[in-house]
Amino acid sequence: MAFTRATGKHRAPSRLSRRSANMAGVAALATTGVIGTLASPALAADTSTSTTEVEDTGLTQVVTAETLADQIADQAATQKQEAARAKAAAEAKRKAEARAEAAREAKERAARDAERKRLNSFVAPISGSYISTGYKTGGAIWSSGSHTGIDFHAASGTTVHAVGSGTVVEAGWGGAYGNNVVIKMKDGSYTQYGHLSSISVSVGQSVTPGERIGLSGATGNTTGPHLHFEARTSSEYGSDINPVAYLRAHGVNV
């Protein structure tokens, strides 16, 4: 008897139809988050499908998409961490630079303050010396009848210092004072240094506390080497004031 080929609704589905159904199922499982149940009956039923055909299913596409998404997420996380580290490093550098700048400004401010303090300070005209003849000491040796300044003991050639900041208004021969220097001080007073063996400054020169202005000697009207020091209210002779009181008022104990 001849057999008639099955047709219509009783015809068995083709391999292409089964493959399409498998792909749809995998896509549905992936969408619902059940991709882990890979050993479904639909997949097991089609055991005749070759390796090449399995790799060409929707499952491979879904897994590849998920792997790519993970890689992108990992890369984004890594970039975010690197950006955070770069930001932290930049902030640390900014803070370090700010601290360095603050330290530099503080150092410069301290240096300015120290220099300002130094320029406003006073020193003794001869270091480590003492007064050998006091102010207003009487005697025929002085034309005014008394000593108009004080004498500091000093061997010839001893360094003589400006007692404070000021401007030289006289530097040269001063008659009975011999070689002398007169300085107009920053506060408007005047100081005089007499009997010098040599002079180291010139008129118009600015001097600072402790700066060398000459060397002590025995020039002019004197009985021996020493420094004659006067404090005055003007540059003129006869405007003298007590030099001991003047120096002490400026913090110099003599």
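Definitions and limits used
Residues numbered from 1 in each chain as written. Predicted model: local features only at pLDDT ≥ 70, side-chain atom pairs only at ≥ 80, totals over all residues. Heavy atoms only, no water. Helix = DSSP H or I, 4+ residues; strand = E, 2+ residues; numbered from the N terminus. Areas by Shrake-Rupley, 256 points an atom, 1.4 Å probe, with all protein chains shown as cover. Buried < 20%, exposed > 50% of the residue type's maximum accessible area, 1.4 Å probe, protein only. Pairing = 2+ DSSP bridges. pLDDT = per-residue confidence, 0-100. Contact = heavy atoms within 4.5 Å. Phe/Tyr/Trp six-rings, centres within 6.5 Å; stacked < 30°, edge-to-face > 60°. Core = buried A, V, L, I, M, F, W, Y, C linked by side-chain atoms within 4.5 Å.

A. Here's a closer look at the overall build of the protein. The number of helices and strands found in the protein is five helices and 10 strands. Element-wise, carbon and sulfur atoms account for 57% of the exposed surface of the protein, whose accessible area totals about 15,500 Å².

B. Region of interest: the pairing of strand E5 (residues 179-185). In terms of burial, E5 is largely enclosed, as six of its seven residues are buried. As judged from the seven bridges shared by strand E4 (residues 166-173) and E5, these two strands associate in the antiparallel manner. When the sheet's bridge partners are listed, glycine 166 is paired in E5 with methionine 185. In this structure, E5 lies alongside strand E6 (residues 190-199), joined through five bridges in antiparallel fashion. Bridged to asparagine 179 within E6 is leucine 196. Two successive antiparallel strands, E5 and E6, enclose a turn made up of four residues, where glycine 188 displays a positive phi of approximately 95 degrees.

C. Inspection of the confidence of the model for the protein at higher detail. In the predicted model, the protein carries a mean pLDDT of 83, and 76% of its residues have values of at least 70. Here residues 1-55 is modelled with pLDDT under 50, and outside its nearest four sequence neighbours on either side it reaches 28 contacts, counting other chains as well.

D. A look at the packing of aromatic side chains. For the structure shown, the criterion picks out three aromatic pairs. Of the aromatic side chains, those joined through ring pairs into one cluster are Phe152, Tyr193 and Phe229.

E. Spotlight on the side chain of serine 239. Along the chain, serine 239 falls in the loop between strand E9 (226-232) and strand E10 (240-241). For serine 239, a relative accessible area of 12% puts it in the buried group. If sequence neighbours within four positions are ignored, serine 239 has contacts with Ala231, Arg232, Thr233 and Ser234.

F. Representation of the nonpolar core. In terms of nonpolar packing, the biggest core is built from 24 residues, with Val181, Ile183, Tyr193 and Ile213 touching the most fellow members. Setting aside residues up to four positions removed in sequence, valine 181 forms contacts with Val168, Glu170, Thr191, Gln192, Tyr193, Leu196, Ile199, Val201 and Ile213.

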